[in-house]
Amino acid sequence: MAFTELLEEAGGLGLYQILQMISLLIPIVLVTTHNLVENFSGAIPAHHCRVPGLEAHSDPAGIPGNLTPEALLTVSIPLGPDQEPEKCRRFLHPQWQLLSPNASAANASRPDTEPCPDGWTYDRTVFSSTIVAEWDLVCDFQALKPLSQSIYMGGTLLGAAVFGHVSDRFGRRLVLSWCYLLMALCSTCAAFAPNFTLYCALRFLSAFAVASIMMNTSSLLMEWATKETRATVMTVNALSFSFGLVFLGGVAYAIRAWRLLQLILSIPFFVFFMYSWFLAESARWLVITGRTERGLRALRRVAHINGQTEPAARLTQQTLNAAMQEELAMAKCQHTVLDLFRTPNLRRRVCYMILVWFSFGFTYYGLALDLQSLGGDIFLLQVLYGTVDFPAKFIALLAMNRVGRRPTQIACFFLAGLSVLANAFVSQEMQALRLSLAILGIGSLGAAFSCLCVFSSELYPTVLRMTAFSLNQIMARLGSLLGPLMRMTSQFFPALPLVTYGTVPIITSLGVLFLPETKNLPLPDTIQDVESGPKPVPSTFGPSLLTSALRP
């Protein structure tokens, strides 16, 4: 596990790593917006059955008897239990008697109603257009909106299943670049989709790329970081998701038309595709997979960018062989996903992390994709969700560096579960308390995600890291697919979704107890490193093998 020393020779956390973080994390900001954009592009505006003569562009003179629009609405649309116009029914015949001052629901017979044969009229004061209003995803078709979200999450699930192994086989940077292009093409085309079916298909393909972008970004950042800077680097990675939440709220507030919003969030991926070819491949992956000459070239290039000219000249094949002799010998065999389950220590890590990632996806997306249920200004709620992430993740970073990864992970999940569980039993009238608990829960989940990015990366060996990431992402996306569907159980017991969202992370926090602490330990490169436990870095306790190899 002497690759850490090679990174130190190349400058540690230097100019290259800073430029790399900027280049990789800007796309993550926009990926986050695509994950949650349907909070706005798929918002459900107030609506009722279309009434002839009541359209916004209609001539008032065409209204029978010169009735006001309000009066025509009264005689055409029945009132629901909340005393608002029914969303999905209208009177079969106009009920003129309702205009009488003495008319009341008590003495009136129940008139016949019908579904909306002429479609619906939507309130466009908040959004000028949404996919719901454009394709009438309401009433009998209201299930199509969550179906759209589930199709998107299904795309990320499939992408995680495919790209983990592909990245371990062909490299992180290469796969990342082509996925930027796939994302750019599909998400841009989605803005021009003529129908709902094609829109869902294009969103599915863009989500297919999203999974790879997130996994390969995390892997590149982690594998170019030293053990002292890993927690900081991955926390900055997690903070880019937080910034994406805030950015989405601001952009959606400025752009109320869904097609323009989708387009603005998609075009930058063409730029990301072009500049990604200048990024270095993971030298750690190149070396471990036997591409040592390319790995040395990448290390020398990074050392030059970091201003380490003399060490760059001393990074030779002999140096590499001396420093990583054991790792190179063990990494020659080909690995598959089954290797994650062949040995006891790695199997235990994989099984528990599967539970943790599923729990995060299930709870986070179950809450974050249903902003409208909290009421109030959804633009402000989106910004608040992102803003609370910043202090939460900084606190998580301090805790990871002080008390360790495992206790921080346990505390974040437990606090998140407790906040959501408490919210299940708070009255709807106590809006301020409900909002505060929701923000605390989301903030704790954000901190849990920050810790999870670091913790899971440090648990897996380099030869199987992307394959393991893939498995984790599959479970996270399975959770994110099932989480929003849990909302459907509220018709049987209104508090059941929140009770479930709160219970799952609390149970997960107990499972983390069975995982080892990884604070300040070098990254494992092989399965043997995981099974034999952490080795001390030689330079910490005296002259290292690398130092000996570099000595003239």
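Each value, and the rule that gives it
Think of each chain on its own: its residues are numbered from 1, step by step along the sequence as written. Only residues with pLDDT of at least 70 are given local features in this predicted model, and only at 80 or more are side-chain atom pairs given and counted; all residues enter the totals for whole chains, interfaces and linings. To obtain the side-chain values, all non-hydrogen atoms of the structure were used and water was disregarded. Disulfides are defined as pairs of cysteine sulfur atoms found within 2.5 Å of each other. Numbering of helices and strands runs from the N terminus, with a helix taken as a DSSP run of H or I at least four residues long and a strand as a DSSP run of E at least two residues long. Relative accessibility thresholds used throughout: buried, under 20% of the residue-type maximum; exposed, over 50%; partly exposed, between the two (1.4 Å probe, protein chains only). Counted as a polar contact is a pair of N or O atoms within 3.5 Å, where, for protein atoms, one must be capable of donating a hydrogen and the other of accepting one, and residues adjacent in sequence contribute only when both atoms are in side chains. In these notes, a set of buried Ala, Val, Leu, Ile, Met, Phe, Trp, Tyr and Cys residues joined through side-chain atoms within 4.5 Å is what counts as a nonpolar core. Bear in mind that the domain bounds are from an automatic or database domain assignment. Should any heavy atoms of two residues lie within 4.5 Å, those residues are considered in contact. Residues enter patches when they are more than 30% accessible in relative terms and free of salt bridges; like-charged ones are connected within 9 Å and nonpolar ones (Val, Leu, Ile, Met, Phe, Trp, Tyr) within 5 Å. In this description, accessible areas are obtained by the Shrake-Rupley approach with a 1.4 Å probe, and a residue is regarded as covered only by the protein chains that are shown. We count a salt bridge whenever a side-chain nitrogen from Lys or Arg sits within 4 Å of a carboxyl oxygen from Asp or Glu. In this analysis, the expected span of each helix is defined as 1.5 Å times one less than the number of residues it contains. Bend is computed residue by residue as the angle between axes fitted to the seven residues ending at the residue and the seven residues starting at it. Only C-alpha atoms enter the line fits that serve as axes; for helices the fit covers just the stretch in contact. Angles between N-to-C directions range over 0 to 180 degrees. Note on terminology: angles under 35 degrees are roughly parallel, angles over 145 are roughly antiparallel, angles of 65 to 115 are roughly perpendicular, and the others are oblique. Each crossing is labelled by how the near helix is turned from the far one, with a counterclockwise turn of less than a right angle marking it left-handed and a clockwise turn marking it right-handed. Gly is placed with the polar residues, together with every amino acid not listed as nonpolar (Ala, Val, Leu, Ile, Met, Phe, Trp, Tyr, Cys and Pro) or charged (Asp, Glu, Lys and Arg). By convention, a stacked pair of Phe, Tyr or Trp rings (six-membered ring in the case of Trp) has centres within 6.5 Å and planes under 30 degrees apart, an edge-to-face pair has planes over 60 apart, and any other such pair is tilted. In our convention, an over-ring charge means Lys NZ or Arg CZ found within 6 Å of a ring centre and within 35 degrees of that ring's normal.

- The chain is annotated in an unreviewed UniProt entry as Major facilitator superfamily (MFS) profile domain-containing protein from Ornithorhynchus anatinus.

**Concerning the state of the cysteines**
Here is step 1 of the chain: Going through the model one piece at a time under the given rule, you end up with two disulfides.
Here is step 2 of the chain: Residue C49 pairs covalently with C116 via a disulfide, S to S 1.8 Å. With the S-S dihedral at roughly -55 degrees, the linkage between C49 and C116 falls on the left-handed side. One end of the pair, C49, is in strand 1 (residues 47–49); the other, C116, is in the loop between strand 3 (113–114) and strand 4 (120–122), and 67 residues separate them in sequence. Across this residue pair, the class does not change: C49 and C116 are buried.
Here is step 3 of the chain: The disulfide bridge from C88 ends at C139, spanning 2.0 Å between sulfur atoms. The sign of the -95 degrees torsion about the S-S bond sets the C88-C139 disulfide as left-handed. On the criterion of sequence distance, the pair formed by C88 in the loop between helix 4 (69–76) and strand 2 (90–91) and C139 in the loop between helix 5 (131–135) and helix 6 (144–170) is long-range, its members being 51 residues apart.

**Considering the side chain of T217**
Here is step 1 of the chain: With respect to the element layout, T217 can be found in helix 8 (residues 196–223).
Here is step 2 of the chain: Residue classification places T217 among the buried residues on the basis of a relative accessible area of 0%.
Here is step 3 of the chain: Engagement of the side chain of T217 in a polar contact is seen with the backbone oxygen of I213, the distance being 2.7 Å.

**Topic: the nonpolar core**
Here is step 1 of the chain: In this structure, I213, W224, F269 and Y364 are the most contacted members of the largest nonpolar core, which totals 127 residues.
Here is step 2 of the chain: No other element matches the 13 residues that helix 20 (residues 431–459) contributes to this core.
Here is step 3 of the chain: Each of domain 1 (1–49 + 116–332) and domain 2 (334–526) accounts for three or more of the residues forming this core.
Here is step 4 of the chain: If sequence neighbours within four positions are ignored, F269 has contacts with P27, L30, V31, H34, Y180, M183, A184 and I213.
Here is step 5 of the chain: Listed in part, the 22 residues of the second largest apolar core include I131, L137, V138 and A193.

**Brief notes about a nonpolar patch on the surface**
Here is step 1 of the chain: A surface patch of nonpolar side chains, about 500 Å² in accessible area, is lined by L15, I18, L19, I22, I26 and I305.
Here is step 2 of the chain: Considering every element that reaches the nonpolar patch, the biggest residue donor is helix 2 (residues 15–36), with five residues.
Here is step 3 of the chain: Overall, L19 belongs to the partly exposed group, its relative accessible area being 44%.

**So, unusual backbone geometry**
Most peptide bonds take the trans configuration, and most residues that are not glycine carry a negative phi.
Here is step 1 of the chain: Phi angles above zero are rare outside glycine, and D136 is one such case at about 55 degrees.
Here is step 2 of the chain: Its location among the elements puts D136 in the loop between helix 5 and helix 6.
Here is step 3 of the chain: In this structure D136 comes out as partly exposed when scored by relative accessible area, which is 25%.
Here is step 4 of the chain: The backbone of C139 shows a phi angle near 55 degrees, a positive value even though the residue is not glycine.

**Observations regarding helix 20**
Here is step 1 of the chain: In this model helix 20 runs 41 Å from its N-terminal to its C-terminal C-alpha over 29 residues, within 8% of the 42 Å that 1.5 Å per residue would give.
Here is step 2 of the chain: The largest bend in helix 20 is about 25 degrees, located at L452.

**A short note on the packing of helix 19 (residues 405–423) against helix 22 (residues 496–511)**
Here is step 1 of the chain: Look at helix 19 against helix 22: their axes get within 7 Å of each other, and the N-to-C directions meet at 160 degrees. When the axis of helix 19 is compared with that of helix 22, the two are roughly antiparallel. In the crossing of helix 19 with helix 22, the sense of the turn from one axis to the other is left-handed. Across from I410, F413, F414, G417, L418, V420, L421 and N423 in helix 19, the residues of helix 22 making contact are L498, V499, Y501, G502, T503, P505, I506, T508 and S509.
Here is step 2 of the chain: Along the lines of polarity and charge, the residues of the contact of helix 19 with helix 22 split into 11 nonpolar, six polar and no charged.

**Quick notes on the pattern of salt bridges**
Here is step 1 of the chain: This model, assessed by the stated rule, comprises seven salt bridges.
Here is step 2 of the chain: A salt bridge links R203 to E38, with the nearest nitrogen and oxygen atoms 3.6 Å apart. On the criterion of sequence distance, the pair formed by R203 in helix 8 and E38 in helix 3 (residues 38–41) is long-range, its members being 165 residues apart. For the pair R203 and E38, one class covers both residues: buried.

**Some remarks on the packing of aromatic side chains**
Here is step 1 of the chain: Tallied over the entire structure, the rule returns 26 aromatic pairs.
Here is step 2 of the chain: On the basis of an interplanar angle of 80 degrees and a centroid distance of 5.2 Å, the ring pair of F269 and F272 is categorised as edge-to-face. With F269 and F272 both in helix 11 (residues 268–276), this residue pair falls three residues apart, about one helical turn.
Here is step 3 of the chain: An angle of 20 degrees between the planes, with centres 5.2 Å apart, marks the rings of F360 and F449 as stacked. Placement of the pair is F360 in helix 17 (residues 344–368) and F449 in helix 20, with a sequence separation of 89 residues.
Here is step 4 of the chain: Given the relative accessible area of 8%, F360 is considered buried.
Here is step 5 of the chain: One aromatic cluster in this structure is built from F241, W357, F360, Y364, Y365 and F449.
Here is step 6 of the chain: The aromatic ring of Y253 is capped on one face by R256, whose charged end is 4.6 Å from the ring centroid.

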